[in-house]
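# Inside the fold
If you want the building blocks of each chain, they are given just below.
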Amino acid sequence: MTNLDRAPETGIRVIIIGTGFAGLTAAIECHRKGHSVLVLESFTELKVLGDVISFGPNSVRIFHGWPGMQERLDPICHETNEIQIRTWEGELILNQSWKEKERSWGRNYNGHRGQIHQVVFDYAVEIGIDIRLGHRVVDYFETETKAGVVANRQTFIGDVVLAADGVRSKGRTIVLGYEDKPKASGYAVYRAWFDVGKMAEDPDFDFLFEKQDDLCIWIGQDIHFIAATPKSGKEFSWVCTHKDDGDVEESWSANAPLSDARKNLEGWDPVIHKILDLTPDPVIDWKLVYRDPLPTWISPKRRIALIGDAAHPFLPTSIQGASQSMEDGVTIAVCLRKAGKDGVQEALRVFEALRYERVKGSQKTGETTRDRWHKADWDEVRKNPRSMELQREEWILNFDAEDYAEESYSETLTSLGKQESAVTFADIPKSVDVSVLA
Ligand SMILES: Cc1cc2nc3c(=O)[nH]c(=O)nc-3n(C[C@H](O)[C@H](O)[C@H](O)COP(=O)(O)OP(=O)(O)OC[C@H]3O[C@@H](n4cnc5c(N)ncnc54)[C@H](O)[C@@H]3O)c2cc1C
């Protein structure tokens, strides 16, 4: 049994939609801060889905704050401290290492998304969080004093709702007052993760395996390919971001034949084609969804907040999507505790103010890196190889979201000024059976 210290109860009833890293972190942290938590998730069962995912020191410190979590994650996660950057033809441009510089910022984790997710999900269940699978939320509503959702023809009502329902968020409609459909970003990512087999014995792959757990990135015009040797070189993973005009409705389980990847990578370094020869066919082809930055993440009556990808999807080149979604969860839990049951609306305003600019800034690093890589002028790059470095900013990575929220809450509230009254009204839907109060 996990021994998580819990603050005295606040009486705040928090309903969280979604059990991704945003939803689970918010659930664990809200529970820790003494709020009562109910989580609704549309999946009917937990499946080990996805492949490689990264957590920076700013989110690993959140995992490590949960007693027993480090012991569970260390065996399935690894640390990446160096990347090789190559041209699409294989010429080595740069070895970038951050081991020394970032030592004092804390550890980073890379691992299999499905395996890490399973561990965090099990932990939340063990500490007693009420998670209900098979509950697809179809509607959100709020009044001045309450907020709730409808799922499985039941209404769930609490003091606050956190919509952690990912890039295709349904919670966005009530927050924005209109339906905000996801757009295709123009890119998709082929993804593969497989057992390394005899690969490590092939001398052509020595440069990939001699520094296990690190990354090698090949870059071409509007496309890049990243290979990793996770779990100390026992497994192999690659992702390839490429141009795509596909349908954004497709999901994590959308496949593409390996021949599609081969076509996109025609003429590239022969080592890449050897990797493709060893890759199980088909591969995942994950459409990268884009959203214009939202004007706000909180609803008109300030009882519903979007968190994680629902509020702010990230490009993979930022390597911060999961970490920022976890910071959201930590921050909202602190804000609710500071504000108390009568101050939920104030808590949501401060939450947004504490997070908005930081998130926008981290999103921007992903765009900058992608553009530098995809539009590289190699003659110029050879004169200044460091221009291709992955952006790793101290203000993003060396950061404690909990301390920041604790220290900045009062000042932020003061600077926001007196709370204005809400301007629009969303009625509780009348066409459903009202059967459960959280
Ligand atoms: C199945 C899956 C696999 C992924 N694999 C990878 C990967 O390999 N690498 C990587 O970098 N990122 C991956 N991601 C994305 C990554 O986890 C997120 O970008 C990041 O962690 C932010 O998480 P989030 O909690 O905001 O959103 P998400 O992780 O997308 O979680 C949203 C959750 O909300 C649930 N949900 C959505 N709508 C409803 C509804 N109406 N009612 C109830 N529940 C709802 C979803 O089922 C999901 O569990 C994956 C996401 C998913 C869902």
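Bear in mind the structure is a predicted one, so any value in this text is a computation, not a measurement.

Definitions and cut-offs
- Residues numbered from 1 in each chain as written.
- Predicted model: local features only at pLDDT ≥ 70, side-chain atom pairs only at ≥ 80, totals over all residues.
- Heavy atoms only, no water.
- Domains from an automatic or database assignment.
- Contact = heavy atoms within 4.5 Å.
- Buried area = accessible area lost by both parts, 1.4 Å probe.
- Salt bridge = Lys/Arg side-chain N within 4 Å of Asp/Glu carboxyl O.
- Buried < 20%, exposed > 50% of the residue type's maximum accessible area, 1.4 Å probe, protein only.
- Helix = DSSP H or I, 4+ residues; strand = E, 2+ residues; numbered from the N terminus.
- Near = heavy atom within 4 Å.
- Polar contact = N/O pair within 3.5 Å; in protein donor to acceptor, adjacent residues only side chain to side chain.
- Areas by Shrake-Rupley, 256 points an atom, 1.4 Å probe, with all protein chains shown as cover.
- Core = buried A, V, L, I, M, F, W, Y, C linked by side-chain atoms within 4.5 Å.

Domain boundaries in the protein chain define domain 1 (13–77 + 111–180 + 294–416) and domain 2 (183–290). A C-alpha centroid distance of 27 Å is found between domain 1 and domain 2. Domain 1 puts 19 residues into the contact, and the matching count from domain 2 is 21 residues. Counting the surface lost from both domain 1 and domain 2, the interface buries some 1800 Å², and carbon and sulfur atoms represent 61% of this. There are two salt bridges connecting domain 1 and domain 2. Between R191 and D51 there is a salt bridge; the shortest N-O distance is 2.7 Å.

Turning to the pattern of salt bridges, a few remarks are in order. Considering all chains together, one arrives at 35 salt bridges under this definition. Notably, a salt bridge pairs D180 with R172, separated by 2.5 Å at the nearest N-O pair. As far as the burial class goes, D180 and R172 line up, both buried. Note that R358 and E327 form a salt bridge whose closest N and O atoms lie 2.8 Å from each other. Separated by 31 residues along the polypeptide, R358 in helix 12 (residues 344–374) and E327 in helix 11 (residues 321–339) bring together distant segments of the chain. A residue is classified by how much of its surface remains accessible, and E327, at 0% relative accessible area, is buried. Put simply, E29, R32, K33, K338, E402 and E406 are held in one network by salt bridges that share partners.

Quick look at the site of the ligand now. Close to the ligand lie 28 residues, the nearest being E41, D51, V52, V137 and D309. For the ligand, an oxygen atom lies 2.6 Å from a polar atom in the side chain of E41. In isolation the ligand offers 920 Å² of accessible surface; the protein chains occlude 87% of this area. Elements with a contribution of two residues or more to the shell around the ligand: helix 1 (21–32), strand 3 (52–55) and helix 11.

Burial of nonpolar side chains together is a common tendency in soluble globular proteins. Residues F55, F63, W66, I116 and L336 are the most contacted members of the largest nonpolar core, which totals 82 residues. With nine residues, helix 11 is the single largest residue contributor to this core. When residues no more than four places from it in sequence are discounted, the contact partners of F55 are F21, V60, F63, N108, Y109, I116, A322, S323 and M326. Formed by 27 residues, the second largest nonpolar core is a distinct cluster that contains C216, F236, C240 and A256.

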